[in-house]
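Residues per chain are reported as follows:
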Amino acid sequence: MYLTPQRILLAGASGLTGEHLLDRLLSEPTVERVLAPSRRPLAEHPHLENPVGELLELLPQLSGPIDTAFCCLGSTIKQAGSQEAFRAIDLDLVLAFARRARELGARHLLVVSALGANARSAVFYNRIKGEMEEALQAQDWPQLTLVRPSLLLGPRRDFRLGERLAAPLLRWLPGKYGGIEATVLARALWRLALEEDRGVRVIESDRLRRLGR
């Protein structure tokens, strides 16, 4: 069964995936409102509401109703500055956003996680992503979609040498390990938002690439 989300809440609209997803949402004739809080102003659009500031401070000010929420928040330990700061963004802030989205009436939450997310992983990054996934499941959403892309490909504002060097190789790796263009991930997220499938879904990178073609 397919739904037509009309009122959207989007976190991370100024990031690589979030930018492409925002463009997709604003081009959809069924979407009448996109509420996208961000740290810097976004391009103006008649269907876009863009409160500017720190997300944690903006969350109590957001108003509904909302049908569907997308969370494209994500950092790196280098960007965040420490493991504690990374946890504050990729775990605590994601959970706070999800709680507020539910309060505003959202019934479907789609979250960008990461390949290898596992709450029992020895790798700190993967462990935090896994803890985030488990905590979101504990919120008991009517519909929760967790997507686990491999390395995201596309031009970023911040230079990441490791990703720049790895990208050519990861484009050709098989299955879920192959890199995925952010534009492809954005298309896949929108397609997944249109599907009614109660409960929790975990979508790996290889399926995301197929959905986003």
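Thresholds, definitions, all that
Residues numbered from 1 in each chain as written. Predicted model: local features only at pLDDT ≥ 70, side-chain atom pairs only at ≥ 80, totals over all residues. Heavy atoms only, no water. Helix = DSSP H or I, 4+ residues; strand = E, 2+ residues; numbered from the N terminus. Buried < 20%, exposed > 50% of the residue type's maximum accessible area, 1.4 Å probe, protein only. Contact = heavy atoms within 4.5 Å. Areas by Shrake-Rupley, 256 points an atom, 1.4 Å probe, with all protein chains shown as cover. Pairing = 2+ DSSP bridges. Axes fitted to C-alpha atoms, helices over the stretch in contact; angles between N-to-C directions. Disulfide = S-S within 2.5 Å. Phe/Tyr/Trp six-rings, centres within 6.5 Å; stacked < 30°, edge-to-face > 60°. Lys NZ or Arg CZ within 6 Å of the ring centre and 35° of its normal.

1. Describing the overall build of the chain
Here is step 1 of the chain: If you tally the helices and strands in the chain, you get eight helices and nine strands.
Here is step 2 of the chain: Counting all 213 residues of the chain, 49% fall into the buried class.
Here is step 3 of the chain: Residue pairs in contact within the chain that sit at least 24 positions apart in sequence constitute 69% of those at least 6 positions apart.
Here is step 4 of the chain: For the chain, the exposed area adds up to about 10500 Å²; of that, 53% sits on carbon and sulfur atoms.

2. Comments concerning the sheet that holds strand β2 (residues 33-35)
Here is step 1 of the chain: Taken in spatial order, the seven strands make up an open sheet running β3-β2-β1-β4-β5-β6-β9, and their pairing is parallel. In this open sheet, the two edge strands, each paired with only one partner strand, are β3 (48-49) and β9 (199-204).
Here is step 2 of the chain: With four bridges connecting them, strand β4 (residues 68-71) and strand β5 (residues 108-112) associate as parallel partners. Bridged to T68 within β5 is H108.
Here is step 3 of the chain: Its contacts with the sheet put helix α1 (residues 16-27) on β1 (7-11), β2, β3 and β4, and the angle it makes with β1 is roughly 170 degrees.
Here is step 4 of the chain: Contacting β4, β5, β6 (143-148) and β9, helix α7 (residues 182-193) runs over the sheet at an angle of about 160 degrees to β5.

3. Considerations on the state of the cysteines
Here is step 1 of the chain: Within the structure shown, the criterion is met by zero disulfides.
Here is step 2 of the chain: For C71, which is in no disulfide, the shortest distance to another cysteine sulfur is to C72 and amounts to 6.9 Å.
Here is step 3 of the chain: A relative accessible area of 1% places C71 in the buried class.

4. Examining the packing of aromatic side chains
Here is step 1 of the chain: All chains considered together, the criterion is met by two aromatic pairs.
Here is step 2 of the chain: For the pair F86 and F124, a centre-to-centre distance of 5.9 Å together with 55 degrees between the ring planes defines the contact as tilted. Here F124 lies in helix α5 (residues 124-138) and F86 lies in helix α4 (residues 83-103), a separation of 38 residues in the sequence.
Here is step 3 of the chain: With a relative accessible area of 0%, F86 lands in the buried category.
Here is step 4 of the chain: Grouping aromatic residues by their ring pairs yields a cluster made of F86, F124 and Y125.
Here is step 5 of the chain: Stacked on the ring of W141, the Lys or Arg R102 has its end atom at 5.6 Å from the ring centre.

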